[in-house]
Amino acid sequence: MELTKSEMQIMDVLWQDGGALSRSDFLERSDEKSWKDSSVHILLNGLLRKGIIREAGFVKCSKTYGRTFLPTMTREEYFAATIYSHRYKPEMTGLIEALLKRPEVTEQTLEQIEKLVQAKKETLGK
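Please read all numbers here as calculations on a predicted model, not as lab measurements.

*Asks:* So what's going on with the nonpolar core? Residues and values would help.
*Replies:* Of all hydrophobic cores here, the largest spans 19 residues; its most connected members are M11, F26, I52 and I53. Of all the elements in the fold, those that place two or more residues in this core are α1 (5-17) and α3 (37-50). Among the elements that take part in this core, α1 stands out by supplying six residues, more than any other. Filtering out sequence-adjacent residues up to four positions away, M11 remains in contact with L3, L47, I52, I53 and P71.

Right under this line is the structure:
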């Protein structure tokens, strides 16, 4: 599943906020884009169909009620799913090796990765 540029902008707002948002919340928080009401509605419905967001409830918006939305996955989970949804999937260890070569990788990052690997080993051993 891949998202369009506009869908990614909507998801960025959701991921950055961390809470359930209504359509009017998206309009308020989208500084870089001047969304139209109908555009946000279409984008949200598309994201619902793709399963990357879900309805979280309702909130009163002036005289009516509007739906609120939450992501069904984190930003990292989305990118991992995107990598493995392609026809030509990378080999896992090669991908991790390439990521570890990135200059953004710090000693702290490596320590966190080691903990994740150890936890995975423990679950596999059960």
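*Asks:* Hey, could you go over the pairing of strand β2 (residues 53-61) for me, with residue numbers and the actual values?
*Replies:* In regular strands, side chains alternate between the two faces of the sheet. In terms of strand pairing, β2 meets strand β3 (residues 64-71) through eight bridges, oriented antiparallel. Bridge assignment links G57 to a residue of β3, and that residue is T68. Hairpin remark: β2 followed by β3, antiparallel, with two residues in the connecting loop; positive phi at S62, about 55°.

*Asks:* Break down the pattern of salt bridges for me, with residues and values.
*Replies:* Scanning the entire structure with this criterion turns up five salt bridges. The closest approach of N and O atoms between E104 and R102, which form a salt bridge, is 2.9 Å. Owing to a relative accessible area of 44%, R102 belongs among the partly exposed residues under this scheme.

Cut-offs used in this document
Along every chain, residues carry numbers that run from 1 in the direction the sequence is written. Where totals are concerned, whole chains, interfaces and linings use all residues; where local detail is concerned, this predicted model gives features only for residues with pLDDT of at least 70, and gives and counts side-chain atom pairs only at 80 or more. Excluded from the side-chain calculations are hydrogens and water; all other atoms, namely the structure's heavy atoms, are used. Buried Ala, Val, Leu, Ile, Met, Phe, Trp, Tyr and Cys residues form a nonpolar core when they are joined through side-chain atoms within 4.5 Å. Partly exposed describes any residue whose relative accessible area lies between the buried limit of under 20% and the exposed limit of over 50%, with all areas from a 1.4 Å probe on protein chains only and scaled to the type maximum. Numbering of helices and strands starts at the N terminus; helices are DSSP runs of H or I of at least 4 residues and strands are runs of E of at least 2. Should any heavy atoms of two residues lie within 4.5 Å, those residues are counted as being in contact. Note on pairing: DSSP must find at least two bridges between two strands before they are called paired. What counts as a salt bridge is simple: a side-chain nitrogen of Lys or Arg found within 4 Å of a carboxyl oxygen of Asp or Glu.

Don't take any of this as a statement about function, it's just geometry.
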